[in-house]
Amino acid sequence: MTPRPLVGVIACRRTIEGHPAHMVTDKYVSALREFGLEPVIIPVWEDIEEASARALLARMDGLLLTGSYSNMHPSRYGEAVAPENTYEDLARDAAVMSWVPLALELQLPLLGICRGFQELNVVFGGSLHQAVQTVPGLMDHREPSGDQDTQYAPCHPISIAPDGVLAALYPGSGAQVNSLHQQGIARLGDGLRVEAVAPDGLVEAISISEARAFTLAVQWHPEWKPREHPLYEALLEGFASACREKAESSVSRVRPTCREEA
């Protein structure tokens with residue numbers, strides 16, 4: 001049986017039952033397994049060493065930057081903390097600033113979701129609206145009240161840019177997506193490409209123009225019941241396919257060492 005490709009999943013630092021913890025919510029790891037991938041939760045520290053991070057990521061076949069209740073600290077893009085910005089995770093901030101450049105260097109397929117989308121923009125020098133609902137001309141993109149099915153239900157359309165990574169995965173020019181975020185892209189990072197936008201013009205998906213491997217990040221949550229939504233399914237199938245190709249190419253480069261008989 002062929003082993004599943006290994007996908008590193010960034011953890012969040014939280015206090016759980018009174019103790020510091022590294023955690024990932026189930027919907028992300030379950031979605032990866034549903035699409036034939038093996039999730040590996042990677043803990044985060046502020047003092048992460050590049051050599052250690054490189055060695056760890058070199059064992060992976062992909063990298064997932066998940067969503068989170070926390071936000072990147074605004075000092076990462078040169079701003080003060082807004083009153084609405086109440087959750088932070090400095091250890092994850094430090095990890096992602098190190099991991100993303102290494103993942104690109106290692107040509108790992110990379111998928112960013114919600115906070116992961118915002119992280120990719122900041123890594124490339126972009127900035128964020130800390131409270132989209134307060135910006136004139138922009139909609140309120142926060143989740144509605146109610147149960148999870150209500151919160152994660154599709155609630156606004158996106159327009160998909162032609163000839164991009166997302167357009168190559170999904171045949172339609174648009175789709176309905178869910179929306180559970182307070183923050184969003186203010187200034188697009190250098191070298192990033194807009195893949196989709198909301199009706200108010202807010203960027204909803206990005207890729208890296210010069211990436212040598214699959215790289216896509218989205219502001220919505222495709223991990224939520226992806227088989228029920230053709231766009232979500234196509235996106236995760238595309239990421240899984242890229243991870244399988246990475247795993248196969250890594251295996252093909254390994255050659256057994258044989259000792260010649262005398």
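Residues numbered from 1 in each chain as written. Predicted model: local features only at pLDDT ≥ 70, side-chain atom pairs only at ≥ 80, totals over all residues. Heavy atoms only, no water.

Concerning the packing of helix H3 (residues 90-105) against helix H4 (residues 115-123)
Using the following cut-off: Only C-alpha atoms enter the line fits that serve as axes; for helices the fit covers just the stretch in contact. Angles between N-to-C directions range over 0 to 180 degrees. Labels follow the DSSP assignment, with helices taken as runs of H or I lasting at least four residues and strands as runs of E lasting at least two, numbered in each case from the N terminus. To sort the angles, those under 35 degrees are grouped as roughly parallel, those over 145 as roughly antiparallel, those from 65 to 115 as roughly perpendicular, and the leftovers as oblique. Note on convention: the crossing is left-handed when the near helix lies turned anticlockwise from the far helix by less than a right angle, right-handed when the turn is clockwise. Any pair of residues with heavy atoms lying within 4.5 Å of one another is described as a contacting pair.
With their axes 10 Å apart at the nearest point, H3 and H4 run at an angle of 65° to one another. Between H3 and H4, the interaxial angle falls into the category roughly perpendicular. As for the relative orientation of H3 and H4, their crossing is right-handed in sense. Here H3 contributes Arg92, Asp93, Val96, Met97, Val100 and Pro101 to the contact with H4, which in turn contributes Arg115, Gly116, Glu119, Leu120 and Val123.

Quick word on unusual backbone geometry
Heads up, the rule is: With a 1.4 Å probe rolled over the protein chains alone, any residue whose accessible area is under 20% of its type maximum counts as buried; one over 50% counts as exposed, and the rest are partly exposed.
For glutamine 107, which is not a glycine, the phi torsion comes out positive at approximately 60°. In this structure, glutamine 107 sits in the loop between H3 and strand E6 (110-113). Taking the relative accessible area as the measure of exposure, glutamine 107 reaches 33% and is therefore partly exposed. The backbone phi angle of aspartate 163 is positive, close to 65°, even though this residue is not glycine. Note that aspartate 163 resides in the loop between strand E8 (156-160) and helix H6 (165-169).

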